[in-house]
Each structure stands twice: as structure tokens, then as C-alpha cells.
Amino acid sequence: SLNNYLPPEFLQHLEASIARAQSENSVGTLLLVSIANMPMLVSTCGSEISEVVIQDLTESIRRIIKSQDKIFRLQRDQLAVVLMNVYPQDTRSIAERILAMVENYGRDRFTTAAVHVIASIGSAHFPSGAMKAQELAHQAYLALYAAPATAFRTFSEVRDDTEKAR
């Protein structure tokens with residue numbers, strides 16, 4: 001089950017963010033960032049590289065997002081970014097900035113052309129009706145894995161009917 005991989009502090013923060021968005025008549029976005037080729041990086045550079053890559057990317061993403069937004073590590077190769085007051089139409093711009101940063105990071109960090117970092121991003125927006133944190137995370141995971149696995153820079157989002165009408 002997906003919930004077995006989601007840290008309790010992430011789910012609690014996401015629930016609070018959804019409730020806050022509902023009470024403030026605001027919106028938010030959950031971005032899931034996956035380093036798609038982490039197994040290749042580990043086999044090429046050693047097991048310690050996953051920690052280095054995730055820590056470096058976390059710090060770089062912090063420079064892109066607002067100070068009140070929060071980043072969580074979900075798995076060895078995945079980060080969750082909870083963005084408040086980010087409208088669906090602005091999500092693609094943020095995702096593209098993150099993807100460009102990852103691409104540049106891979107080029108700058110590794111001296112061999114055979115090693116690069118590939119990221120995919122899935123997103124889901126909140127609040128959406130009576131959505132719970134697990135449902136939102138599930139939607140973002142569906143968006144994350146909707147992109148072709150061979151793509152170098154992918155972004156996919158889930159949008160509900162009310163957002164499509166905008």
C-alpha cells in the first residue's frame with residue numbers, strides 16, 4: 001500500500017495544509033519529485049550517492065520555493081514538496097524550474113557524460129472537495145508515473161473538473 005511508504009509527519013503536514021487551504025479559501029499543490037535513475041547512479045557511483053543527491057536537490061529546491069513551503073523525503077529516490085498558495089496554472093513553471101535545476105545539477109555534479117540525473121514530477125492540487133492526504137498523495141503518484149519512464153524531464157499533473165474549467 002502507498003500509505004506504508006508515506007511518513008506520518010508528511011501525512012500530518014499534508015492534512016493540515018489541506019485544512020488550512022479550505023479554511024482560508026486558498027489552494028495548494030503537492031509535487032512528488034522522483035529521481036528516476038537512482039539505481040543506475042548507485043551502481044555507477046556507490047550507495048552513498050543517493051544520500052548526497054537527495055540532500056543536494058533538497059537544498060536546491062528550497063531556493064526555488066517559498067520559505068513556508070515544506071519538503072519531505074518519502075523514499076530513497078523521492079521527495080514531496082507541499083506548496084501553499086500556488087495555483088494550478090503556476091505549478092508547471094515551478095516544476096520546470098525544478099527539472100532544469102536537476103538537469104544542471106547532474107551536468108555539474110558528475111564529470112562523466114555517461115552519468116546524469118533524471119527526474120520526473122507528478123502533482124495534484126488541493127483542496128478538492130473532501131480530499132484526504134492519502135488521496136492527494138495517490139493522485140500525485142498517478143501523475144508521477146503517468147509520464148514515460150524513458151523521458152529525461154517529465155511533469156504530469158492531476159486536475160479535477162473544477163480546475164479544468166478555469
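Here's a quick rundown of the structure. Since the structure is predicted, the reported quantities are computational estimates derived from the model, not experimental observations. (Residues numbered from 1 in each chain as written. Predicted model: local features only at pLDDT ≥ 70, side-chain atom pairs only at ≥ 80, totals over all residues. Heavy atoms only, no water.)

## Re the environment of E15
Definition in use: What counts as a helix is a DSSP run of H or I of at least four residues, what counts as a strand is a run of E of at least two, and both are numbered from the N terminus. Remark: exposure states derive from per-residue accessible area (1.4 Å probe, protein chains only) relative to the maximum for the residue type, with buried under 20%, exposed over 50%, and partly exposed in between.
Tracing the sequence through the fold places E15 in helix α1 (residues 8-23). Given a relative accessible area of 28%, E15 falls into the partly exposed group. Between the C-alpha atoms of E15 and L136, which are 121 residues apart in sequence, the distance is 9.5 Å.

## Describing the packing of aromatic side chains
Each aromatic ring pair is characterised by the separation of its centres together with the angle its planes make. Filter applied, for reference: Any pair of Phe, Tyr and Trp rings, taking the six-membered ring for Trp, is counted once the centres come within 6.5 Å. Such a pair is stacked with planes under 30 degrees apart, edge-to-face with planes over 60 apart, and tilted for the rest.
The full count for this structure, using the stated rule, is two aromatic pairs. With a centroid separation of 5.4 Å and 65 degrees between ring planes, the pair formed by F10 and F72 is classed as edge-to-face. Taken as a pair, F10 in helix α1 and F72 in strand β2 (residues 70-75) lie far apart in primary sequence, 62 residues in all. The pair formed by F10 and F72 is uniform in burial state, with each residue classed as buried. A centroid spacing of 6.1 Å and a plane angle of 15 degrees characterise the contact between Y141 and Y145, whose relative ring orientation is stacked. Here Y141 and its partner Y145 are both found in helix α5 (residues 133-146), four residues apart, which amounts to about one turn of the helix. On the basis of relative accessibility, which here comes to 9%, the residue Y141 falls in the buried class.

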